[in-house]
Amino acid sequence: MNVMPTMEGGLRLAIESALEWEHLEQIPMDAMGDEDGDGKLAERLGALMDEASDWEDVVIPELRVYFSEQLGVVARSVGEARKHAVDEPDEEGELGRIYIKRSEAEAWYGALNQARLALESRYRFGAAEQLVVEELSGFPQDKLRGFLRMRLYSGLQMMLLDYAMD
């Protein structure tokens, strides 16, 4: 996947393999698949707050909606781009492109963050986040795939911060 800034202040993701499509389609599923498989990031965050606060009654419902909207932006962007994808690489070696507009950057960033937090909660990578791929040979396949997606999501977040967000 080639990620490039656009003149309008967004990002262009040039997809070069079917696996890259799968990784991007996995973002909402990863976000919903935390340790308990319930995707209740808002509730987990709420558990950290003071019981006397209005967090449970006011903030958690708003966060659920906000997190859901972020995932919806990503799912729609990826789904729409996937409709126009090709099965064989074009002359530039691409199967398709996704454009992330500046106005969508915050939603993408948030969805990627949700997915990263859920992957960490599920697999407990800890210090492994600093390892290189060759050092991860002892990981089971599902954990290794999750780790690689987490690294991809982190890289996309860095690009969003550098080129698409204020």
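Residues numbered from 1 in each chain as written. Predicted model: local features only at pLDDT ≥ 70, side-chain atom pairs only at ≥ 80, totals over all residues. Heavy atoms only, no water.

Caption draft 1: The nonpolar core, seen in detail. Counting 33 residues, the largest nonpolar core has Leu13, Leu24, Ile27, Ile98, Trp108 and Leu160 as the members making the most contacts within it. Contributions of two or more residues to this core are made by β2 (11-15), α1 (18-32), α3 (55-83), β3 (96-100), α4 (105-123) and α5 (141-163). The element best represented in this core is α4, accounting for eight residues. Once you skip the residues sitting within four places of it in the chain, Trp108 turns out to touch Ile27, Val73, Val74, Ser77, Val78, Ile98, Ile100 and Leu160. (Core = buried A, V, L, I, M, F, W, Y, C linked by side-chain atoms within 4.5 Å. Buried < 20%, exposed > 50% of the residue type's maximum accessible area, 1.4 Å probe, protein only. Helix = DSSP H or I, 4+ residues; strand = E, 2+ residues; numbered from the N terminus. Contact = heavy atoms within 4.5 Å.)

Caption draft 2: Representation of the confidence of the model for the protein chain in the model. Averaged over every residue, the pLDDT of the protein chain is 86; residues scoring 70 or more account for 80%. When mean pLDDT is compared element by element in the protein chain, β2 scores highest at 98, while helix α2 (residues 41-46) scores lowest at 57. (pLDDT = per-residue confidence, 0-100.)

Caption draft 3: Representation of the packing of α1 against α4 within the structure. For the pair α1 and α4, the least separation of the axes is 7 Å and the interaxial angle reads 55°. Relative to α4, α1 is oriented oblique. With respect to the hand of their crossing, α1 and α4 are arranged in left-handed fashion. The residues of α4 that touch α1, namely those facing Ile27, Asp30 and Ala31, are Trp108, Ala111, Leu112, Gln114, Ala115, Ala118 and Leu119. The class makeup of the residues in the contact of α1 with α4 is eight nonpolar, one polar and one charged. (Axes fitted to C-alpha atoms, helices over the stretch in contact; angles between N-to-C directions. Parallel < 35°, antiparallel > 145°, perpendicular 65-115°, else oblique. Left-handed = near helix turned anticlockwise from the far one by under 90°. Nonpolar A, V, L, I, M, F, W, Y, C, P; charged D, E, K, R; others polar.)

Caption draft 4: View of the sheet that holds β3. As summarised here, the arrangement of the three strands in space is β1-β2-β3, forming an open sheet in which the pairing is antiparallel. Every other strand in the sheet has two partners, leaving β1 (2-5) and β3 as the edge strands with one partner each. The average angle at which neighbouring strand axes cross in this sheet is 20°, direction not considered. As paired elements, β2 and β3 share five bridges and run antiparallel to each other. Looking at the pairing, Arg12 lines up with Tyr99 of β3. α5 contacts β1, β2 and β3 of the sheet and is inclined by roughly 150° relative to β2. (Pairing = 2+ DSSP bridges.)

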